[in-house]
Amino acid sequence: MKRYDCMKLLAARLKDELVILSLGASVDEWYNAAPHMREASLFQQQLGCVTPQAFGLAAGLPQRRIISLDTDGGMMFNLGILATLGNEQPKNLFTVVWDNECYQSIGGPPTHTAFGRVDIAAIARGAGVENAYTARTLEEFEAHCEAGLKADVPYIVVAKVAGTVQPDIKRKHSDGREDKYIFVRHVEATEGIVIMGPSEHN
Amino acid sequence: MKQSSVDAVIRGLKKAGVSIVCYLPDSLFKQLYPALDADPDIRTIRVTNEGEGAAICGGVFLSGKRAALIMENSGLRASVEPLARMGLGAGIPVVMLMSYRGELGENNWWAIPHGITMEPVLNALRIPYRIVREEDQIEQSIVDAYNWSYNAYYHSAIALGGEIVR
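One structure accompanies this document, and this report is about it.

Focus on the pairing of strand 6 (residues 156-160) of chain B
Residue and element names in this part refer to chain B.
Here comes step 1: The buried count for strand 6 comes to five of five residues, which makes it a mostly enclosed element.
Here comes step 2: The alternating pattern of strand 6 places Ser 156, Ile 158 and Leu 160 and Ala 157 and Ala 159 on opposite faces, both of which are buried.
Here comes step 3: With five bridges joining them, strand 4 (residues 95-99) and strand 6 adopt parallel strand pairing. In the strand pairing of strand 6, Ser 99 is matched with Leu 160.
Here comes step 4: Relative to strand 6, strand 5 (residues 129-132) is paired through four bridges, and the arrangement is parallel. Within the sheet, the bridge partner assigned to Arg 130 lies in strand 6 and is Ile 158.
Here comes step 5: Regarding the hand of the β-α-β motif, the stretch spanning strand 5, helix 6 (residues 138-152) and strand 6 is right-handed.

Here's what the structure looks like:
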């Protein structure tokens, strides 16, 4: 199963949601697979930060569906967030873990999921996220997207994907700071709120 | 902490517009955490480590709500990587309120590293901070931290020490 194919299936279901996504090749893949979600998606550079940030966003905007596109390496960097989700039970957070069993962006050395013992979905269930599943086919993945996007409990799908990158995709030119401004202005416009307002004087 | 200091912290948070607090509990603030939990205007989120709390606070910032990360100052060390990435890499601010473990007067050997490293770590990250030891400065200091962070879009910190926490 290719990550890019999964992304296209997920993207086709998204409209008003907000997305926090992990670093690496999946960033450019996501912006190509979901061009209509460009302003509504923010990539974060730090392993272990993606789902926590998405959860913070979900806590602040409880009426809005939030998507976390995390990774095996990122989730294992901070497994504690699974216990936090288990206790907090956010009603509006759908988490996808792209599990390619490697640290792809640095050339592909294996993560702990590569050896057949570590099961992130099982860890999530043990942490109190009852709806945590592993998808190995596009059909399974799409079914979990459908269920996860309308669930009123935290929902996690670990997508077992190949360690390959979609060829010939456009690169994103913006940095983290520009991405933040694009995302914040989108949240402001769609929520009718001010997050980064004017100073006292110009 | 005296009840009057706990009240001053909560007044400051509310005056600054904070509605979500992430915390990992510690002993010096032990009276503060249940008071935050009991406050109807503040949602508390217990976290497994302070770095996770920093990242959740970053997400709350993106929602337009205001969050605080409350912890012992040792939590600053656990938060350095997400703070550096979010603050320096994206301009996503986190305001921290920490108890000052390890300052002069400390009588626990294990807390000495917290005192030795707090200010150098804050300075390494270029995070402005204020050490508050007088109760009547708590409220305004918290408000000042939010004003600064919401203009700089960078982290700031208030450390409560001295008789406030002992």
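Comments concerning the sheet that holds strand 5 of chain B
All names here are of chain B.
Here comes step 1: Strand order across the open sheet formed by six strands is 2-1-3-4-6-5, with parallel pairing between neighbours. Every other strand in the sheet has two partners, leaving strand 2 (43-46) and strand 5 as the edge strands with one partner each. Between one strand and the next, the sheet's axes are offset by a mean angle of 20 degrees, whatever the strand orientation.
Here comes step 2: Across the face of the sheet, helix 3 (residues 50-63) comes into contact with strand 1 (18-23), strand 2 and strand 3 (66-72) while running at roughly 170 degrees to strand 3.

Some points on the sheet that holds strand 1 (residues 18-21) of chain A
Residues and elements named next belong to chain A.
Here comes step 1: Within the open sheet, the six strands sit side by side as 2-1-3-4-6-5. Their pairing is parallel. Single-partner strands in this sheet number two, and they are strand 2 (41-43) and strand 5 (131-135). Between one strand and the next, the sheet's axes are offset by a mean angle of 15 degrees, whatever the strand orientation.
Here comes step 2: Contacts from helix 2 (residues 25-33) reach strand 1, strand 2, strand 3 (66-71) and strand 4 (93-99) within the one sheet, and its direction differs from that of strand 1 by about 155 degrees.

Quick word on the interface of chain B and chain A
Here comes step 1: Facing the 28 residues of chain B at the interface are 31 residues of chain A.
Here comes step 2: Counting residues per element, the ones that place at least two in the side of chain B that touches chain A are strand 2, helix 3 and helix 4 (74-90) of chain B.
Here comes step 3: Looking at side-chain class alone, the side of chain B that touches chain A contains twelve nonpolar, ten polar and six charged residues.

A look at the pairing of strand 2 of chain B
Residue and element names in this part refer to chain B.
Here comes step 1: Only one face of strand 2 is buried, namely the one carrying Arg 43 and Ile 45, since none of Thr 44 and Arg 46 on the opposite face is buried.
Here comes step 2: Of the strand pairs in this sheet, strand 1 and strand 2 are connected by four bridges, and their pairing is parallel. If you follow Val 21 over to strand 2, its bridge partner there is Thr 44.

As for the environment of Leu79(A)
Residue and element names in this part refer to chain A.
Here comes step 1: For Leu 79, the location among the structural elements is in the loop between helix 4 (72-77) and helix 5 (80-88).
Here comes step 2: The partly exposed category is assigned to Leu 79, around which 16 C-beta atoms lie within 10 Å.
Here comes step 3: Sequence-wise, Leu 79 and Ala 124 are 45 residues apart; in three dimensions their C-alpha atoms are separated by 8.4 Å.

Let's talk about helix 3 (residues 50-60) of chain A
Here comes step 1: Across the eleven residues of helix 3 of chain A, eleven count as buried, placing the element largely inside the fold.
Here comes step 2: Val50(A), Thr51(A), Pro52(A), Gln53(A), Ala54(A), Phe55(A), Gly56(A), Leu57(A), Ala58(A), Ala59(A) and Gly60(A) are the residues of helix 3 of chain A that are buried.

A look at the packing of helix 1 (residues 3-11) of chain A against helix 7 (residues 138-148) of chain A
The packing of two helices is summarised by the inter-axis angle and the distance between the axes.
Residues and elements named next belong to chain A.
Here comes step 1: At a closest axis distance of 10 Å, the pairing of helix 1 and helix 7 adopts a crossing angle of 30 degrees. The way helix 1 lies across helix 7 gives a crossing that is right-handed. The segment helix 1 lies against helix 7, with Asp 5, Cys 6, Leu 9 and Leu 10 engaging Leu 138, Phe 141, Glu 142 and Cys 145.
Here comes step 2: Here the residues of the contact of helix 1 with helix 7 sort into six nonpolar, no polar and two charged.

What about the packing of helix 3 of chain A against helix 3 of chain B?
Here comes step 1: Where helix 3 of chain A meets helix 3 of chain B, the axes come as close as 6 Å, and the angle between the chain directions of the two elements is 45 degrees. Classified by the angle their axes make, helix 3 of chain A and helix 3 of chain B are oblique. Note that helix 3 of chain A runs across helix 3 of chain B; the crossing there is right-handed. Here Pro52(A), Gln53(A), Ala54(A), Phe55(A), Gly56(A), Leu57(A), Ala59(A) and Gly60(A) of helix 3 of chain A come into contact with helix 3 of chain B, specifically with Glu52(B), Ala55(B), Ile56(B), Cys57(B), Gly58(B), Gly59(B), Val60(B), Leu62(B) and Ser63(B).
Here comes step 2: Per-class residue counts for the contact of helix 3 of chain A with helix 3 of chain B are ten nonpolar, six polar and one charged.

Cut-off values and rules
Residues numbered from 1 in each chain as written. Chains lettered and ligands numbered in written order. Predicted model: local features only at pLDDT ≥ 70, side-chain atom pairs only at ≥ 80, totals over all residues. Buried ≥ 20, exposed ≤ 12 C-beta atoms within 10 Å, placed from the backbone. Helix = DSSP H or I, 4+ residues; strand = E, 2+ residues; numbered from the N terminus. Pairing = 2+ DSSP bridges. Right-handed = clockwise from strand over helix to strand, strands pointing away. Axes fitted to C-alpha atoms, helices over the stretch in contact; angles between N-to-C directions. Contact = placed C-beta atoms within 7 Å. Nonpolar A, V, L, I, M, F, W, Y, C, P; charged D, E, K, R; others polar. Left-handed = near helix turned anticlockwise from the far one by under 90°. Parallel < 35°, antiparallel > 145°, perpendicular 65-115°, else oblique.

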